[in-house]
Amino acid sequence: MKSDASVKIGNLIAGRAYPPLFVAEVGTFFNQDMHKAEQLLDLVIKGGADIFKTEILHNPDVCLKDTGLVHTYNHARGIHQEDYRALVERKIVPLTSYSRLFDLCRKRAMPF
């Protein structure tokens, strides 16, 4: 049986009977720079996105130490490798900073 369930995000409704929503996945691309996060939010709004999305990464212990996991990715300067725990630690942001970012979303009437 198909579900006709919907969910409300701010004033927007997502579901089978509604038009698609554009979700801007910002992730942690701002690398602890909350000014950059605010700039990304403004660009998301200017670009016409419906929803601002970021993960909340505030505790490095979501990744165990000394696992040997390595993250490999292609970069403009070539292939880059980084210990996965170091990558997580590089992106940690205090909850108070996320709170300020989400307050800014509310002020700009941007669902998040």
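Refer to the structure above for everything that follows.
The shown structure was predicted, so the numbers you read here are calculated from the model rather than taken from an experiment.

Colleague: Report on the overall build of the chain, specifying residues and quantitative values.
Modeller: Within the chain one finds 3 helices and 6 strands. Helices and strands appear in the chain in the N-to-C order β-β-β-α-β-β-β-α-α. The globule rule puts the C-alpha radius of gyration for 112 residues at 13 Å, and the 17 Å found for the chain is more than 25% above it. Seen through its principal axes, the chain has C-alpha atoms that stretch 45 × 40 × 30 Å. Each of the 112 residues in the chain was classed as buried or not, and the buried ones make up 27%. Accessible surface computed for the chain: about 8,000 Å², of which carbon and sulfur atoms make up 56%. In the chain, 15 side chains carry a positive charge and 13 a negative one; their mean positions are 5 Å apart.

Colleague: An account of the pattern of salt bridges is requested, with residue identities and associated values reported.
Modeller: Taken as a whole and judged by the stated rule, the model has 6 salt bridges. Note that Arg 108 and Asp 42 form a salt bridge whose closest N and O atoms lie 2.6 Å from each other. Placement of the pair is Arg 108 in the segment after helix H3 (95–107) and Asp 42 in helix H1 (residues 34–46), with a sequence separation of 66 residues. Measuring nitrogen to oxygen at the nearest pair gives 2.7 Å for the salt bridge that ties Arg 106 to Asp 103.

So, how was this worked out
- Residues numbered from 1 in each chain as written.
- Predicted model: local features only at pLDDT ≥ 70, side-chain atom pairs only at ≥ 80, totals over all residues.
- Heavy atoms only, no water.
- Helix = DSSP H or I, 4+ residues; strand = E, 2+ residues; numbered from the N terminus.
- Rg over C-alpha atoms; globule rule 2.2 N^0.38 Å.
- Buried < 20%, exposed > 50% of the residue type's maximum accessible area, 1.4 Å probe, protein only.
- Areas by Shrake-Rupley, 256 points an atom, 1.4 Å probe, with all protein chains shown as cover.
- Lys, Arg positive; Asp, Glu negative; His and termini not counted.
- Charge placed at Lys NZ, Arg CZ, Asp CG, Glu CD.
- Salt bridge = Lys/Arg side-chain N within 4 Å of Asp/Glu carboxyl O.

Interpretation note: all reported values are geometric properties and have no functional meaning in isolation.
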